[in-house]
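# Geometric and topological summary
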Amino acid sequence: IGMNFYLEVAKLRAARLLWWRIMKSFEPKNPKSLMLRTHCQTSGWSLTEQDPFNNVVRTTVEAMAAVFGGTQSLHTNSFDEAIALPSEFSSRIARNTQLILQEETHITSVIDPWAGSYMMENLTQEMADKAWEIIQEVDAMGGMTKAVESGWAKLKIEAAAAEKQAKIDSGSDVIVGVNKYKLGKEDLVDVLMIDNDKVRESQVARLKDIKTKRDSKKVEAALEALTKAAEENTGNLLELAVQAIRLRATVGEVSDALEKVYGRHRADTQKVTGVYAAAYDSAEGWEKLKVEIAEFAKDFGRRPRVMIAKLGQDGHDRGAKVVATAFADLGFDVDIGPLFQTPEECARQAIENDVHALGVSTLAAGHKTLVPAIIAELKKQGADDIIVFVGGVIPRQDYDFLYEAGVKGIYGPGTPIPASAKDVLEQIRKSVKPD
């Protein structure tokens, strides 16, 4: 649930209308099947690193939109999630935001309070009609699975994300504290600090303990039953997976049992082009940067080449794709690494693709472990001339640690992409010699 208040209310109302329309076609015996039940989460993307207490207001506004839209279940984000993992202090505020809306405001006492509003009814219908066009487009492809396999679904999302980011970077869409009404000086916020090594050691120890105490033969039989059901297309895979978990099989073992039959999904790494540039409403700075990139190509015999990577179990690649799209529109050659790469795999791809710079996008608090690991791996493979820059959710308290590890640039949430691109270009210029 984002910050466009009326649109978010209409989104849920339109979703219920479409659910009813689709379910009606199946002639359900129980009328409750026609009722959409939905869980909503306030937007993590709309949270800002700059002036972060503003995020309390943003989360409240988004939560209200969800309630007015008729959600059955709600998650409110903590104000510091653009900086680090939530602290106990910030989590309590997020929890109390829900309680205050539920217990003090009485807004939950009325079902669909926007019903009958000309503006809201019109917006709801317009949204439902446009969504229905997309649903029909997906059906024509053969269904959502086909749409995902082709990369169409991700490209649609990434195009919208790139367009929105360009409007923010150029200032046409206002983000308070980021591109307007900025603080002269940002104070550090106390954040939850995670020792990744200690967490990993603890988890490994717990897994070893569980595997020692469980009945291995029963676990093996349950996993074999799951694989067999997948092979023969019989039985209920969810039920069989739950049975295996109850016997203390791990999530990884259950995944492996199904992977034997289905393989493993690999997210498409293609990127949209032209979207960011078309929406970036600040032509002077944009064109100047494009000229500088063209001059680099003239001076060094090829365009600056960067790779954008995700490491470890961080599956959030929206920001990485937006950066890749914008850099490509500026004139960089851009490679994108697949999700869930190890530092070794990432270094190998960067070297094989002969990149000047490697950008690591991190949103899961793994930067203090994974970023030094990729720098060490590049050095080990004889490619320490590849500069490393980092973007994403990184507490300012960790900046010095990363710089000391060898990082050349750190770009937190709210950094205009042209500014980061200019800095990366300058860093590349320093690191390479003309032909």
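Up top is the structure these notes are about.
The rules behind the values
- Residues numbered from 1 in each chain as written.
- Predicted model: local features only at pLDDT ≥ 70, side-chain atom pairs only at ≥ 80, totals over all residues.
- Heavy atoms only, no water.
- Helix = DSSP H or I, 4+ residues; strand = E, 2+ residues; numbered from the N terminus.
- Buried < 20%, exposed > 50% of the residue type's maximum accessible area, 1.4 Å probe, protein only.
- Contact = heavy atoms within 4.5 Å.
- Lys, Arg positive; Asp, Glu negative; His and termini not counted.
- Charge placed at Lys NZ, Arg CZ, Asp CG, Glu CD.
- Axes fitted to C-alpha atoms, helices over the stretch in contact; angles between N-to-C directions.
- Parallel < 35°, antiparallel > 145°, perpendicular 65-115°, else oblique.
- Left-handed = near helix turned anticlockwise from the far one by under 90°.
- Nonpolar A, V, L, I, M, F, W, Y, C, P; charged D, E, K, R; others polar.
- Phe/Tyr/Trp six-rings, centres within 6.5 Å; stacked < 30°, edge-to-face > 60°.
- Lys NZ or Arg CZ within 6 Å of the ring centre and 35° of its normal.
- 1 Å grid on protein atoms, 1.4 Å probe; cavity = no way out; pocket = protein on both sides within 12 Å on 5 of 7 lines; lining within 4 Å.
- Points joined across faces, edges and corners; volume = space filled by probe spheres on them.
- Expected span 1.5 Å × (residues − 1).
- Core = buried A, V, L, I, M, F, W, Y, C linked by side-chain atoms within 4.5 Å.

## Regarding the overall build of the protein chain
Of the regular secondary structure elements, the protein chain holds 17 helices and seven strands. Taken along the three principal axes of its C-alpha coordinates, the protein chain extends 75 × 65 × 50 Å. Classification of the 435 residues of the protein chain by burial places 40% in the buried group. Across the protein chain, contacts joining residues at least 24 apart in sequence account for 74% of those joining residues at least 6 apart. Charge-centre separation for the protein chain: the mean point of 55 positive side chains lies 3 Å from the mean point of 63 negative side chains.

## Points about the packing of helix α6 (residues 152-170) against helix α13 (residues 318-330)
For the pair α6 and α13, the least separation of the axes is 9 Å and the interaxial angle reads 70°. The angle between α6 and α13 falls in the class roughly perpendicular. Note on packing geometry: the crossing formed by α6 with α13 is right-handed. Along the contact surface, α6 presents Lys-154, Glu-158, Ala-161, Ala-162 and Gln-165, while α13 presents Arg-318, Lys-321, Val-322 and Thr-325. The class makeup of the residues in the contact of α6 with α13 is three nonpolar, two polar and four charged.

## Observations concerning the packing of aromatic side chains
Counted under the stated rule, the structure contains 13 aromatic pairs. Feature note: the residues Phe-5, Tyr-6, Phe-68 and Trp-114 constitute an aromatic cluster, connected by ring pairs. Over the aromatic face of Trp-132 sits the side chain of Arg-21, whose NZ or CZ is 4.6 Å from the ring centroid. Cation over ring: Lys-368 sits above Phe-401, and NZ or CZ is 5.2 Å from the ring centre.

## A few points about empty space enclosed by the protein
Enumeration according to the criterion identifies three cavities of 30 Å³ or more in this entry. Around the largest cavity sit 13 residues that line it, and Leu-192, Ile-194, Ala-365, His-367 and Asp-398 are the ones nearest its centre. In the lining of the largest cavity, the residues fall into nine nonpolar, two polar and two charged.

## A word on helix α4 (residues 118-141)
Between its first and last C-alpha atoms α4 spans 35 Å; for 24 residues at 1.5 Å apiece the expected length is 34 Å, and the two agree. Where α4 is concerned, the buried positions are Met-120, Leu-123, Thr-124, Ala-128 and Val-138. The inward-facing, buried residues of α4 contact α1 (5-24), α5 (144-150) and α6.

## A look at the nonpolar core
Looking at soluble globular proteins, one finds that nonpolar side chains tend to be buried together. Tyr-276, Val-306, Phe-327, Phe-332, Val-334, Val-424 and Ile-428 are the most contacted members of the largest nonpolar core, which has 32 residues in total. Among the elements of the structure, α6, α11 (275-279), α12 (283-300), β3 (305-310), α13, β4 (333-336), β6 (387-392) and α17 (417-431) are those that each provide at least two residues to this core. Ranked by residues supplied to this core, first place goes to α13 with seven residues. Contacts of Val-334, omitting those with residues within four sequence positions, involve Lys-271, Val-306, Ile-308, Ala-324, Phe-327 and Ala-328. The next biggest cluster of nonpolar side chains, apart from the first, holds 22 residues, and it includes Val-355, Val-388, Ile-394 and Tyr-399.

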